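# Structural overview for review
Here is what each chain is made of, one letter per residue.
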Amino acid sequence: MQSPLATRVRYFSSLRILDAKKSEQVDLGERKAVARAKLDSLASALSLQTRDDWYKIKRGDIKKFDDGRQILASYPSLPSALKDAYPEHEFLPWKFAQVSRSFWSDTSNQILFLEWIQKQEGMKSLEDWYSIKIGQLETKYSMRPVLERYSRSLSRALSSLYPDHSWEEWRFNRKTPRGFWNDVKNQRRFLQSVGKKIGVVSMEDWYRVELKSVAAQSLPSFFGAQYSWSLPAALKAAFPEHEFLDWKFEKLPVNYWDSSQNQQRYIQWLGKELGIQRLEQWYSVPSYVALESFTEPFGRSLPRALMSLYPHHSWDDSKFIRTGSSARPHSSSLRLRLLQCANHSFPEATQELSCWYSVEASQVASSGLGLVLRNNNLSLVEALRIAFPDHYWDPLRFRQKQLNPTT
């Protein structure tokens, strides 16, 4: 238990603290009142009509007056004095004729400045910065002090000040920082972004994408400068961990199959996919399993391709499976027949060509499609290639019963 003396000491100590706080508040209030009176006097001397007229006043303008010199002696700057003297008015530091360098060194001030611009321009989110014409804003809002800290690049400024936002630099009026596209990581980011927009879920989906689909998203210059406008070449560089197969893309480079190296790569891949371990096993593989564009240099004959690529093997031409007919139906008439059959049993295939891969053998028979294939001595994949020559058909995605011409 405390003694009466200790209690009295604590009581008077508390009183002294309260008196000190009151005195401090009085001094602060008096300081603001004095500053306000002096600034009112200066405003009259400088013929200022509104509070915002202070924005055009420079430090040298008020140093000519005694009140001005006293204000500058009491405050670090004119804006700080105005803010203290007129708390009811919002003074924006960046609108003054003179802004200290230390002000712009503080990134929090840079963010406040950009947020104010967003409000002035009616921006709803950070995404709205992409549509801004920086040339107009730079003049309208005197953005130079901020942009100069980021090599005069708006995208660099925003990326630095808002690091948690996923910025896409190529969307800023199609302008990117110098050397931006030399970094393969940025190329990868661009392709990932485009892929999401056009429905690419897995790497395999890129095979059905054409360059024009990417171009619709504002094709960057690096496609032409580094990859000669080749989407496969760009994808290989951006995603080196994935093996892209040229022949799976919708379009191949001109004269691609003239290269014996490309021919070898394809036939080795196809053999691996088919589980072929010995060359003799190729005898049981029908020609339509191979891409028509691959066999074209060999008279559209898989046996001829194999005999050319493996000349040291003793091939027996009579052992190969022969399919197809020299008198093939016209593509337009066959397309019409296929669509008529599909409309009866599997109408989804008339809307989306990839649905043909999932057609059951029973559906082929019940729709009359089996009869069409038998009459033309064609497999389903051969018929589809003739009917829809611009679409890439992967025979390995079809069920074996679908491929049988006698189904």
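Residues numbered from 1 in each chain as written. Predicted model: local features only at pLDDT ≥ 70, side-chain atom pairs only at ≥ 80, totals over all residues. Heavy atoms only, no water.

## Concerning the packing of aromatic side chains
By the definition in use, this model includes 40 aromatic pairs. Relative to Trp-181, the ring of Phe-180 lies with its centre 4.9 Å away and its plane at 80°, an arrangement referred to as edge-to-face. Here the aromatic cluster, defined as three or more aromatic residues joined through ring pairs, consists of Trp-170, Phe-180, Trp-181, Phe-190, Phe-222, Phe-223 and Tyr-227. Above the face of the Tyr-86 ring, Arg-51 is positioned so that its terminal group lies 3.9 Å from the ring centre. (Phe/Tyr/Trp six-rings, centres within 6.5 Å; stacked < 30°, edge-to-face > 60°. Lys NZ or Arg CZ within 6 Å of the ring centre and 35° of its normal.)

## Looking at the confidence of the model for the protein
For any part of a model where pLDDT is low, the fine detail of the predicted coordinates should not be relied upon. With 88% of its residues at a pLDDT of 70 or more, the protein shows a mean pLDDT of 83. Helix 6 (residues 107-120) holds the highest mean pLDDT among the elements of the protein, 94, whereas helix 22 (residues 400-403) holds the lowest, 49. Counted against residues more than four places away or in other chains, residues 18-26, with its pLDDT under 50, gives 0 contacts. Here residues 401-407 scores under 50 on pLDDT; set against residues more than four positions off or in separate chains, the count is 24 contacts. (pLDDT = per-residue confidence, 0-100. Helix = DSSP H or I, 4+ residues; strand = E, 2+ residues; numbered from the N terminus. Contact = heavy atoms within 4.5 Å.)

## Side note on helix 21 (residues 380-387)
Counted residue by residue, helix 21 has 8 buried out of 8 residues, so it is predominantly covered. Here helix 21 has its buried residues at Leu-380, Val-381, Glu-382, Ala-383, Leu-384, Arg-385, Ile-386 and Ala-387. (Buried < 20%, exposed > 50% of the residue type's maximum accessible area, 1.4 Å probe, protein only.)

## Some thoughts on unusual backbone geometry
Even without being glycine, Ser-142 reaches a positive phi, approximately 50°. Phi at Arg-152 is positive, roughly 60°, even though this residue is not glycine. By relative accessible area, Arg-152 is classed as partly exposed at 46%.

## Things to note about the environment of Ser-77
Structurally, the position occupied by Ser-77 is in the loop between helix 3 (66-74) and helix 4 (78-85). Between the C-alpha atom of Ser-77 and that of Ser-100, which follows or precedes it by 23 residues, the distance is 8.8 Å.

## Regarding the nonpolar core
In terms of nonpolar packing, the biggest core is built from 71 residues, with Phe-294, Trp-356 and Leu-369 touching the most fellow members. Every element with two or more residues in this core is listed here: helix 10 (184-197), helix 12 (222-227), helix 13 (231-238), helix 14 (260-274), helix 16 (302-309), helix 17 (331-345), helix 20 (369-375) and helix 21. For this core, the leading source of residues is helix 21, giving 6 residues. Non-local contacts of Leu-369, meaning those with residues more than four positions away in its chain, are made with Leu-338, Cys-341, Phe-346, Trp-356, Val-364 and Leu-380. Ranked by size, the runner-up nonpolar core spans 45 residues in total, among them Tyr-55, Ala-85, Trp-129 and Trp-167. (Core = buried A, V, L, I, M, F, W, Y, C linked by side-chain atoms within 4.5 Å.)

## Considerations on the pattern of salt bridges
Scanning all chains against the criterion turns up 17 salt bridges. The partner of Asp-84 in a salt bridge is Lys-32, and the shortest N-O contact between them spans 3.9 Å. Pair noted here: Asp-84 is in helix 4 and Lys-32 is in helix 1 (residues 4-45), with a separation of 52 residues, a long-range link. With relative accessibility at 31%, the residue Lys-32 sits in the partly exposed group. The salt bridge involving Asp-246 is made with Lys-236; its shortest N-O contact spans 2.6 Å. Of the two residues, Asp-246 is situated in the loop between helix 13 and helix 14 and Lys-236 in helix 13; the sequence distance between them amounts to 10 residues. (Salt bridge = Lys/Arg side-chain N within 4 Å of Asp/Glu carboxyl O.)

## Observations concerning the packing of helix 10 against helix 13
Where helix 10 contacts helix 13, the two axes come as close as 9 Å, and the packing angle between them is 115°. Where helix 10 crosses over helix 13, the handedness of that crossing is left-handed. Touching Val-184, Gln-187, Arg-188 and Leu-191 of helix 10 are Leu-231, Ala-234, Leu-235, Ala-237 and Ala-238, all from helix 13. Classifying every residue of the contact of helix 10 with helix 13 by side-chain character gives 7 nonpolar, 1 polar and 1 charged. (Axes fitted to C-alpha atoms, helices over the stretch in contact; angles between N-to-C directions. Left-handed = near helix turned anticlockwise from the far one by under 90°. Nonpolar A, V, L, I, M, F, W, Y, C, P; charged D, E, K, R; others polar.)

## Examining helix 13
Buried within helix 13 we find Leu-231, Pro-232, Ala-234, Leu-235 and Ala-238. Buried residues along helix 13 cover an arc of 160° about the axis, so they all sit on one side. Residues of helix 13 that are buried make contact with helix 10, helix 11 (211-215) and helix 12. The N-capping residue of helix 13, defined by a side-chain oxygen 3.3 Å from the backbone nitrogen of Ala-233, is Ser-230. (Arc of directions from axis to C-beta. Polar contact = N/O pair within 3.5 Å; in protein donor to acceptor, adjacent residues only side chain to side chain.)

## Observations regarding the side chain of Ser-301
Here Ser-301 shows up in the loop between helix 15 (292-295) and helix 16. Those residues within four positions of Ser-301 in sequence are excluded, and the remaining contacts are Ser-287 and Thr-295.

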